[in-house]
Amino acid sequence: MRSTVYRSPAERARIVAVLGPTNTGKTYLAIERMLGYRTGMIGFPLRLLARENYDRIVRLKGAGAVALVTGEERIIPPAPHWFVCTVEAMPLDREVAFLAVDEIQMAADRERGHVFTDRLLHARGHSETMFLGSETAKALIRKLVPDAEFVARPRFSTLSYTGPKKITRLPRRSAVVAFSAADVYGIAELVRRQRGGAAVVFGALSPRTRNAQVAMYQAGEVDYLVATDAIGMGLNMDIDHVAFAETVKFDGRAMRRLAPAELGQIAGRAGRHMSNGTFGTTAEMGTLEAQTVAAIEEHRFPALPIFHWRNSDLDFSSTHALLASLERRSPLPELVRMREADDHLALAALMRDAEAVALASHPAGVRLLWEVCQIPDFRKTLGDSHVRLVGQIFRFLRGPAGKLPTEWVARQVTRLDNVEGDIDTLLARIAHVRTWTYVSHRPSWLDDAAHWQERTRAVEDKLSDVLHERLMQRFVDRRAAALSRRLRSGDELMAAVTDAGEVLIEGEVAGRLEGFKFVADADLGESGRALLAAANRALRRDIDGRVRKLATAGAAEFAVDAAGALRWRGQAVARLAAGDEALTPQVVPLPGDLLEPRHREAVRQRLAAWFADHVARVLQPLVRLRQAELKGPGRGLAFELVRGLGTLPRARVAEQAAALSKGDRATLRALGVVIGETAVFVPSLKRSDAVALRALLWSVFAGQASLPPPSGSRLSFKPAPDIPMAGYAACGYLPAGSLMVRADRLEKLARTARDLAHRGPFAATPALGLMVGARPDDLADILGALGYRAAVDDAGLRFVRRAAGRRRGRRDGPERGTMPHSPFAELRRLVST
């Protein structure tokens, strides 16, 4: 339902577009207009902007008069007059007199543009609608909203170009702009050495951490800010100068040069209200083109050619109908259909899940599936972990209870309530808990949603506060500046990285690169901070080349250790994590400040390919079995055998084994599978390298501590009390009596004992013990586990097959010739003597 009120042309509500550069008071004007009406709503592009302006209105009008609605936060009093929202979260089913959307030029954004375009086309106040943004959107607004009036807002202050400067010579109250976390870290380290510290702002920070860093800068605790283009939208700070350290960024697809309008949006942060501002570049960056400088100074930028669009009239009759309606062509050439929105991709992925499709077999189920697909992935994992999470949530919601299990949600949130780890680890946890904060604001999905809203917000706030402290510890140290100035000789310290990974500063070894993590020498003395910062610069210059070397390295350069660490040239660079199956674990690059997302993905892809090849080589029979075209019981038995990593007790698959046809048995035999009396197993997997890899795969999949792999030559041994039997079975050993016995030898003993028992009672000879590597007393236990009982006759101690059942009418008690209490204990005594 839209908030559009239909009127005659004479009564049509006013639509106005207030356009202009930064620092023109557009937001102030919109809020002033909104508060002049009895009801109103305004949408901002960022959650922190919505919160900032909500707090401002609360101070003016009181908490009972205004609501805050974002994806992760909802504060709605009983009867609010005004709603402050993020653009995505605007409750358009509410009718309001005034409605505004800020930064409307974001309709051209590749990721979120379709939402802004939808608001431009459909969101209306019944008395006045206002769109705020850049002049670059004017032509398209005029085309799409012919009734719109246009109001130009001039900038309150001037913006002038001052050319390049060394970072160490930038004036106080400067912001240095880079476009990756690694570069932001590096520049902040330099500023810390030279000027005592810097605040940092980049997109992956939580709103709370970002606000804390900005507050530190605003309070004058530091005079410099190092940021990405995240400062380009709505962050109002006392910045006098903006210096671009680079003008090229990775946009999720490729490296590209920023358009003049984008540079202008960032540069416009310099100079607030009536104070003039300046912009320039760092000395390493060089100068900006004269045409770009003129465009920024004069606020003249090319008009946007297109807005992104997506059909909002969705068809929920079926999943395929929903997908088709999302992919409907745009009605105008100026509107380009959105192709890669996260919710659309999540839906397409879940439609390949037969179970999810079956659960969305009617319109209500399809609508719920779409709502779940809209859960944001703040982690930006670029993998399928988010899709798996969304799918699991949908399955729970479509289950008998219709809600998420409280214990399951508690486990997910508790796992994130951990303040240990480096900056990247904390960032990842904050991003993940923000997803759960979003989920907690869907009351129908949870029991006691209010509790989970408080819980997730508390975890996010705690992690955010610790992250702010870590950033301060790393980038703010007033004593370091004085030390570094004494060490400087006029030029930056010379640093380099050797092929062996040694980091040299002025010709001296300052540390080494282990994988992609820098390990400094313990004895760096008083010059440690300066030397480490120089080392970091050298490593950042070197990291692209090192990642390329790994991506093209041959198989001989890689290895995996018993703890699941993947090593390149002997150094750990990634680890294994549980995947969908034990045979196919995930590869997770180790955390570190040097690797950017594109580096991590390149490392992950190469190591994943190598490990898949490694598994296929060492465990080839299992891979062949997994790929074999079997049907019915044969397919079920093969599936269980692959899950068990090559060894199963016969009893576990008795039904499948009994139902096998001759053809199935022949096929399995050709694939190297033995179906015995006691076990189903693959004998060729008893090699030491195969056993070690099976132990590792089981440990990773089960989430257990590393399982010490038994030597493939060991026939039996006493199990450790803290290791589950399933772990030993994955290595090819099954329990028999008090021992774990290798499956092929247990099967051989069972066949031999069966043949002997057919001829009558038989003795536990040393030859039988050697068959499984067991002493006589342990052999008695093993034979007992195989179904034989000890008996004494005229020839001495013998074993016979235990009867399947008791004969009718037989009295309870020991049979003639058997020992009444503990036959195996007596056997041990007799055999040992």
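Just so you know, these numbers come straight off a predicted model, no measurement behind them.

Visitor: Got a minute to help me understand the overall build of the protein chain in this structure?
Guide: When you go through the protein chain residue by residue, the secondary structure sums to 29 helices and 34 strands. Buried positions account for 50% of the 833 residues belonging to the protein chain. For the protein chain, restricting intrachain contacts to residue pairs at least 6 apart in sequence, the fraction spanning at least 24 positions comes to 67%. With an accessible surface of roughly 38400 Å², the protein chain has 51% of that area assigned to carbon and sulfur atoms.

Visitor: Quick question: what am I supposed to make of the pattern of salt bridges here?
Guide: Should their charged atoms come close, side chains of opposite charge can pair. Across all of its chains, the model carries 43 salt bridges by this definition. In this structure, R119 engages D118 in a salt bridge whose closest nitrogen and oxygen atoms are separated by 2.7 Å. The exposure class assigned to R119 is buried, which follows from its relative accessible area of 8%. The buried category is assigned to D118, whose relative accessible area is 8%. With a shortest N-O distance of 2.9 Å, E581 and R626 are connected by a salt bridge. Here R626 lies in helix α20 (residues 620-627) and E581 lies in strand β25 (residues 571-581), a separation of 45 residues in the sequence. By relative accessible area, which is 30% here, E581 ends up partly exposed. Relative accessible area serves as the criterion here: at 41%, R626 is assigned to the partly exposed category.

Visitor: Just to check I follow, could you spell out the sheet that holds strand β23 (residues 558-560) for this structure?
Guide: Strands in a sheet are paired, the pairing made by backbone hydrogen bonds, and the direction either parallel or antiparallel. Pairing within the open sheet is antiparallel, and its four strands lie in the order β23-β24-β25-β26. The sheet is open, and its two edges are formed by β23 and β26 (584-589), each paired on a single side. In this sheet, neighbouring strand axes are inclined to one another by 35° on average, regardless of whether the strands run parallel or antiparallel. As defined by bridge partners, β23 adjoins strand β24 (residues 565-568) across three bridges and the pair is classed as antiparallel.

Visitor: Would you mind going over empty space enclosed by the protein with me for this structure?
Guide: Any empty space left between atoms is shown by rolling a water-sized probe over those atoms. Tallied over the full model, the rule gives one cavity of 30 Å³ or more. In terms of lining, the largest cavity is formed by 14 residues, of which the most central are V682, K686, R694, G732 and R742. Sorting the residues of the lining of the largest cavity by element identifies α24 (688-702) and α26 (743-758) as the ones contributing at least two each. Of the residues that constitute the lining of the largest cavity, the class distribution is eight nonpolar, two polar and four charged.

Visitor: Please explain helix α14 (residues 406-416) as it appears in this structure.
Guide: The α-helix winds at 3.6 residues per turn, so residues separated by three or four positions along the chain end up facing the same way. Every buried residue of α14 is listed here: W408, V409, Q412, V413 and L416. Angular distribution of buried residues about the axis of α14 spans 125°; they occupy a single face of the element. Facing away from the buried side of α14 by more than 90 degrees, the exposed set consists of E407 and R411. Where α14 is buried, its residues touch α13 (385-397), α15 (423-440) and α16 (449-475).

Visitor: What should I look at first to understand the sheet that holds strand β29 (residues 679-681) in this one?
Guide: Spatially, β27-β29-β28 is the arrangement adopted by the three strands of the open sheet, whose pairing is antiparallel. A strand with exactly one partner marks an edge of an open sheet, and here the two such strands are β27 (647-649) and β28 (674-675). As paired strands, β28 and β29 are joined by two bridges and run antiparallel to one another. If you follow V674 over to β29, its bridge partner there is F681.

Visitor: Explain the packing of aromatic side chains to me, please; I cannot follow it from the model alone.
Guide: Aromatic rings in a pair are described by how distant their centres are and how their planes are angled relative to each other. Summed over the entire model, instances satisfying the criterion amount to twelve aromatic pairs. Relative to F611, the ring of W610 has its centre 6.1 Å away and its plane inclined at 50°; by these criteria the two rings are tilted. Judged by relative accessible area, which is 7%, W610 ranks as buried. Residue F611 is classed as buried on the basis of its relative accessible area of 4%. Ring pairs connect the aromatic residues Y185, F202 and F475, which therefore count as one cluster.

Visitor: What is the right way to look at the side chain of K26 in this model?
Guide: Within the fold, K26 resides in helix α1 (residues 26-35). In this structure K26 is buried but unpaired, with E103 as the nearest side chain of opposite charge at 6.1 Å. A distance of 2.7 Å separates a polar atom in the side chain of K26 from the backbone oxygen of P21. When residues no more than four places from it in sequence are discounted, the contact partners of K26 are V18, L19, G20, P21, L132, G133 and R153.

Visitor: Please explain unusual backbone geometry as it appears in this structure.
Guide: Most peptide bonds take the trans form, and the phi angle of most residues other than glycine is negative. A positive phi is found at D448, a non-glycine position, where the angle reads about 60°. Position of D448 among the secondary structure elements: in the loop between α15 and α16. A positive phi angle, near 60°, is found at L645, a position not held by glycine. Relative to the assigned elements, L645 resides in the loop between α21 (632-643) and β27.

Visitor: I keep staring at the packing of helix α10 (residues 342-350) against α13 and nothing clicks. Help me out?
Guide: Helix packing for two helices is described by the angle between their axes and how far apart those axes are. Axis separation between α10 and α13 bottoms out at 10 Å; the angle between their running directions is 70°. Taken as axis vectors, α10 and α13 run roughly perpendicular relative to one another. Counting all contacts with α10, which are made through A346, A349 and L350, the residues of α13 involved are V387, V390 and G391.

Visitor: Sorry if this is basic, but what is going on with the layout of surface pockets here?
Guide: Considered as a void within the structure, the second largest pocket measures approximately 570 Å³ in volume. Residue lining of the second largest pocket: 21 residues in total, with E189, R474, F518, N536 and D593 positioned closest to the centre. Where the lining of the second largest pocket is concerned, the elements lending two or more residues are α5 (181-195), α16, β22 (517-520) and α18 (528-551). When the residues that make up the lining of the second largest pocket are grouped by side-chain class, the tally is nine nonpolar, two polar and ten charged.

Visitor: What is the right way to read the nonpolar core from this model?
Guide: Here is a general trend for soluble globular proteins: nonpolar side chains tend to be buried in one another's company. Counting residues in hydrophobic clusters, the biggest one holds 65 residues, and the most contacted among them are F516, L583 and L619. Secondary structure elements with two or more residues in this core: α18, β24, β25, α19 (597-618), α20, α21, α24 and α25 (725-730). Per-element accounting of this core gives the leading share, eight residues, to α24. Judged by nonpolar contacts, the second largest core, of 64 residues, contains A245, V409, W436 and V459.

Visitor: Mind showing me how you'd approach the environment of E298 here?
Guide: For E298, the position within the fold is in helix α8 (residues 290-298). Classification of E298 as partly exposed rests on a relative accessible area of 44%. In sequence terms E298 and G264 are 34 residues apart; their C-alpha atoms lie 9.7 Å from each other. A distance of 2.4 Å separates the side chain of E298 from the side chain of R300, its partner in a polar contact.

Visitor: What is the right way to look at the environment of F279 in this model?
Guide: Assignment of secondary structure puts F279 in strand β16 (residues 277-282). Remark: the alpha-carbon pair of F279 and G264, spanning 15 residues in sequence, is separated by 9.5 Å. What F279 contacts, discounting residues up to four positions off in sequence, is L159, S160, Y161, T162, G163, H241, V242, A267, L288, V293, I296 and E297.

Visitor: Help me understand the confidence of the model for the protein chain, please; the structure alone is not making it clear to me.
Guide: Keep in mind that low pLDDT regions are not for reading the predicted coordinates in detail. Mean pLDDT over the protein chain works out to 85, with 89% of the residues at or above the 70 mark. Helix α29 (residues 823-832) is the least confidently modelled element of the protein chain, averaging 40 in pLDDT, while strand β6 (residues 98-101) averages 97, the highest of any element. Here residues 805-833 is a poorly scored stretch, pLDDT under 50, and it has 28 contacts once near neighbours within four places are set aside; other chains count.

Visitor: Just to check I follow, could you spell out the environment of R569 for this structure?
Guide: Among the structural elements, R569 can be located in the loop between β24 and β25. C-alpha separation for the pair R569 and A559, spaced ten residues apart in sequence, amounts to 8.2 Å. In contact with R569, other than residues within four places in its own chain, are K549 and E557.

Rules used throughout
- Residues numbered from 1 in each chain as written.
- Predicted model: local features only at pLDDT ≥ 70, side-chain atom pairs only at ≥ 80, totals over all residues.
- Heavy atoms only, no water.
- Helix = DSSP H or I, 4+ residues; strand = E, 2+ residues; numbered from the N terminus.
- Buried < 20%, exposed > 50% of the residue type's maximum accessible area, 1.4 Å probe, protein only.
- Contact = heavy atoms within 4.5 Å.
- Areas by Shrake-Rupley, 256 points an atom, 1.4 Å probe, with all protein chains shown as cover.
- Salt bridge = Lys/Arg side-chain N within 4 Å of Asp/Glu carboxyl O.
- Pairing = 2+ DSSP bridges.
- Axes fitted to C-alpha atoms, helices over the stretch in contact; angles between N-to-C directions.
- 1 Å grid on protein atoms, 1.4 Å probe; cavity = no way out; pocket = protein on both sides within 12 Å on 5 of 7 lines; lining within 4 Å.
- Points joined across faces, edges and corners; volume = space filled by probe spheres on them.
- Nonpolar A, V, L, I, M, F, W, Y, C, P; charged D, E, K, R; others polar.
- Arc of directions from axis to C-beta.
- Phe/Tyr/Trp six-rings, centres within 6.5 Å; stacked < 30°, edge-to-face > 60°.
- Lys, Arg positive; Asp, Glu negative; His and termini not counted.
- Polar contact = N/O pair within 3.5 Å; in protein donor to acceptor, adjacent residues only side chain to side chain.
- Parallel < 35°, antiparallel > 145°, perpendicular 65-115°, else oblique.
- Core = buried A, V, L, I, M, F, W, Y, C linked by side-chain atoms within 4.5 Å.
- pLDDT = per-residue confidence, 0-100.

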